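# Topology and contacts: notes
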Amino acid sequence: MKLTNKTGLPEPLARVAEKLANNHPVFDKDKYSVTEVLKSTRQVVLAREHASEIEQDIQDTFSMWNGTAIHALLESEAVGSEYEAEQRIEAEIDGVVISGGFDLFYDGDSTLYDYKTSKVATIERQRKLEETKWLEQLYLYKILRERNGMSVPKKGVIIAMATDFSKIKAGTQMGYPEHPIQMLEWELNDKEFEEATLNKAVERAKESREYLESGDEPPLCTYSDCWCTEDYAIIKHGGKRADKVFKTADEAFEYFFNKDNRYDRNKYSVYHRVSDYKNCRNYCPCAPFCEQWKGLQDHEEICEDITDKYVPF
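Procedures and definitions
- Residues numbered from 1 in each chain as written.
- Predicted model: local features only at pLDDT ≥ 70, side-chain atom pairs only at ≥ 80, totals over all residues.
- Heavy atoms only, no water.
- Helix = DSSP H or I, 4+ residues; strand = E, 2+ residues; numbered from the N terminus.
- Buried < 20%, exposed > 50% of the residue type's maximum accessible area, 1.4 Å probe, protein only.
- Core = buried A, V, L, I, M, F, W, Y, C linked by side-chain atoms within 4.5 Å.
- Contact = heavy atoms within 4.5 Å.
- 1 Å grid on protein atoms, 1.4 Å probe; cavity = no way out; pocket = protein on both sides within 12 Å on 5 of 7 lines; lining within 4 Å.
- Points joined across faces, edges and corners; volume = space filled by probe spheres on them.
- Pairing = 2+ DSSP bridges.
- Axes fitted to C-alpha atoms, helices over the stretch in contact; angles between N-to-C directions.

### Some points on unusual backbone geometry
With a phi angle near 60°, W227 is a residue other than glycine that sits in the positive phi range. One non-glycine residue, D276, lies in the positive phi region at around 60°. When you line up the elements, D276 lands in the loop between strand 11 (268-275) and helix 10 (278-283). Judged by its relative accessible area of 33%, D276 is partly exposed.

Shown next as structure tokens:
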């Protein structure tokens, strides 16, 4: 990665940023990190193919400093204690190697911990399992420990530290977390979820290897990969405001065709709405090399009438 310093920050800060930006292990095409297999194949392939070309300003690495500093402090306190801290382990599974570094393990009650610095909204989505990457990561660490003959965790805990926590909102906004540091706990005993997580990780690694070897254009990222705002809305023809908004097409059509509130299809339709490609625009380092993102910039928002395309009843 190439670092720029467009705002002229002092040299010591530039050196720190350089160390952090290039402080990740470099793997060959047969080995993939846990964090890589939780990304899209397109992100993995483009990041590896353009590793020496990707450019980022020091200002954009600030969140990395925050997370690294917290991890380093917590790791130093665990050294010499009854906890296992910051160990990288790997295992070959179906022809590919998966590698991961867990943050903390306590054998006393078989609990695996992982530290996260993130925004309140992200923490809440992971808590409610609207997104499952943090839970998938815990299961992958569990699998790697088991395959290395280590104690197998019974419980996984994400220690989530909110970087944008507001004490004012905590005291005035209903549903807002009470504290900046939260523990998201799960029993790691869902065998079906564990198997699905492992299968997806291995397939992602094998697919990434296939595209790295062939040099072909990797598959497109999904709306979820792009962190899009996506919903299904019932809108009156010619109008802009939604009458009702739903998370899934099934929910929208069930309501749209329900006998108690059946809509006049000459006046209303169900629209699939997609906007705000947050990851591509703000965070993905591969965006400058991504043909998908270049195309999306010409028509960033989607508001498509799907009433005649998707009729599940």
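That shown, we press on.
### Structural notes on the nonpolar core
One finds V34, V37, I98, F102, L140, I158 and L184 to be the most contacted residues of the largest nonpolar core, which totals 35 residues. Of all the secondary structure elements, the ones that give two or more residues to this core are helix 2 (34-37), strand 4 (83-93), strand 5 (96-106), helix 5 (120-127), helix 6 (133-147), strand 7 (155-162), strand 8 (181-187) and helix 8 (191-214). Take this core: its biggest share by element is eight residues, from helix 6. Sequence-distant contacts of L140, defined by excluding residues within four places in its chain, comprise V34, V37, L38, T197, L198 and A201. In terms of nonpolar packing, the next biggest core, distinct from the first, is built from 13 residues, L46, C221, C286 and A287 among them.

### Description of empty space enclosed by the protein
Counting across every chain of the model gives one cavity of 30 Å³ or more. The volume enclosed by the largest cavity comes to roughly 100 Å³. Lining of the largest cavity is provided by 14 residues; of these, Q43, C221, C280, C284 and C290 occupy positions nearest its centre. Those elements that place two or more of their residues in the lining of the largest cavity are helix 3 (41-49), helix 10 and helix 11 (291-296). If you tally residues by element for the lining of the largest cavity, the top one is helix 3, at three residues.

### Digging into the sheet that holds strand 11
The pairing of strands in a sheet happens through backbone hydrogen bonds and is either parallel or antiparallel. Spatially, the four strands line up as an open sheet ordered 10-9-11-12, and their pairing is antiparallel. Two strands close off the open sheet at either side, each with one partner strand: strand 10 (242-246) and strand 12 (302-305). Along the sheet, successive strands turn relative to each other by an average axial angle of 30°, direction set aside. The pairing of strand 11 with strand 12 spans four bridges and is antiparallel. Counterpart to R273 in the pairing with strand 12 is C303.

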